Amino acid sequence: MEIVLPRTCHLCGQPSGASLVCGDCGRDLPWLPADACPGCALPTGGGVCGPCQKDPPPFDETLAAFAYDFPVGAMVQGLKYGHRLELAGYFASVLAKAVLRSHERLPDLVLPMPLHPERLAERGFNQAAEIARPLARRLGIEVDVLSLVRDVSTPPQVGLSSQVRQRNVRGAFRCQRDLTGAQVAVVDDVLTTGASLAEVARCLKARGARRVTNWVVARTP
């Protein structure tokens, strides 16, 4: 029998039961509205946004739980750079609930956004993989943390334009698995311009994926 010890809230320090975030703090988080653009997850008030209509991305759908705003931004940074790995489990539980609410059919496979081996060695873990494992387990889907690899080490993308980001990641990813006819979900922590996720989608579709969906924790404004 599994025993769940009581916790204190990651955000306010008050008792939170079995959850990492208490109910009051959870309600105050910057949740994305349900009527965000289905293509890129930008809030639109309903329907596909103008940029996605004008230049449809290579991925088919994006689901994001939060806006990248306080305190979610600090939580993501705490996971990536503070080694607060318990936050990966919390993000996985939030995404699992969002997926079950919005998806009539679940994909066949979950792939985390990969890190370049140098970055992985530096950080010690891939935050996207840490989210993807418990997320896939909750949904009963296969997770593959090895087949999608990043061959090119790109410079930090923060502050760069969309065009520069696209150039930086061109040809950066490789998929070692035949995905013919598969529906695939790609898990990542933050979506900004979508350049990396777009390049991953191109890579996966070149390997036969029929549909590529992004599941991300947070979407920048």
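Residues numbered from 1 in each chain as written. Predicted model: local features only at pLDDT ≥ 70, side-chain atom pairs only at ≥ 80, totals over all residues. Heavy atoms only, no water.

Digging into the pattern of salt bridges
Okay, step 1: Taken as a whole and assessed by the stated rule, the structure comprises eleven salt bridges.
Okay, step 2: One salt bridge in this structure joins Arg133 and Glu130, with 3.3 Å as the shortest N-O distance. Taken as a pair, Arg133 and Glu130 lie in helix 6 (residues 127-139) at a separation of three residues, close to a single helical turn.
Okay, step 3: Glu199 is the salt-bridge partner of Arg202, the closest N and O atoms lying 3.0 Å from each other. (Salt bridge = Lys/Arg side-chain N within 4 Å of Asp/Glu carboxyl O. Helix = DSSP H or I, 4+ residues; strand = E, 2+ residues; numbered from the N terminus.)

With respect to the pairing of strand 9 (residues 211-219)
Okay, step 1: Taking burial as the measure, the nine residues of strand 9 include eight buried ones, the bulk of the element.
Okay, step 2: As defined by bridge partners, strand 3 (residues 61-67) adjoins strand 9 across six bridges and the pair is classed as parallel. When the sheet's bridge partners are listed, Glu61 is paired in strand 9 with Thr213.
Okay, step 3: By the bridge criterion, eight bridges tie strand 8 (residues 183-191) to strand 9 in an arrangement that is parallel. (Buried < 20%, exposed > 50% of the residue type's maximum accessible area, 1.4 Å probe, protein only. Pairing = 2+ DSSP bridges.)

Thoughts on the environment of Thr44
Okay, step 1: Within the secondary structure, Thr44 is located in the loop between helix 1 (23-28) and helix 2 (50-54).
Okay, step 2: With relative accessibility at 32%, the residue Thr44 sits in the partly exposed group.
Okay, step 3: Counting along the chain gives ten residues from Thr44 to Ala34, while the straight-line C-alpha distance between them is 9.8 Å.
Okay, step 4: Thr44 has contacts with Asp35, Ala36, Cys37 and Cys49, leaving out every residue within four places of it along the chain.
Okay, step 5: In this structure the side chain of Thr44 is engaged in a polar contact, spanning 3.1 Å, whose partner is the backbone nitrogen of Gly46.
Okay, step 6: There is a polar contact of 3.0 Å between the side chain of Thr44 and the backbone oxygen of Gly47. (Contact = heavy atoms within 4.5 Å. Polar contact = N/O pair within 3.5 Å; in protein donor to acceptor, adjacent residues only side chain to side chain.)

Here we look at the packing of aromatic side chains
Okay, step 1: Taken as a whole and judged by the stated rule, the model has two aromatic pairs.
Okay, step 2: Taken together, a centroid distance of 4.5 Å and an interplanar angle of 45 degrees make the contact between Trp31 and Phe66 tilted. Pair noted here: Trp31 is in the loop between helix 1 and helix 2 and Phe66 is in strand 3, with a separation of 35 residues, a long-range link.
Okay, step 3: With relative accessibility at 38%, the residue Trp31 sits in the partly exposed group.
Okay, step 4: Using a relative accessible area of 0% as the deciding quantity, one classes Phe66 as buried.
Okay, step 5: A ring pair is formed by Tyr90 and Phe91, whose centres lie 6.1 Å apart and whose planes are at 55 degrees; its orientation type is tilted.
Okay, step 6: Residue Tyr90 is classed as buried on the basis of its relative accessible area, which comes to 10%.
Okay, step 7: Phe91 sits in the buried class, given a relative accessible area of 1%. (Phe/Tyr/Trp six-rings, centres within 6.5 Å; stacked < 30°, edge-to-face > 60°.)

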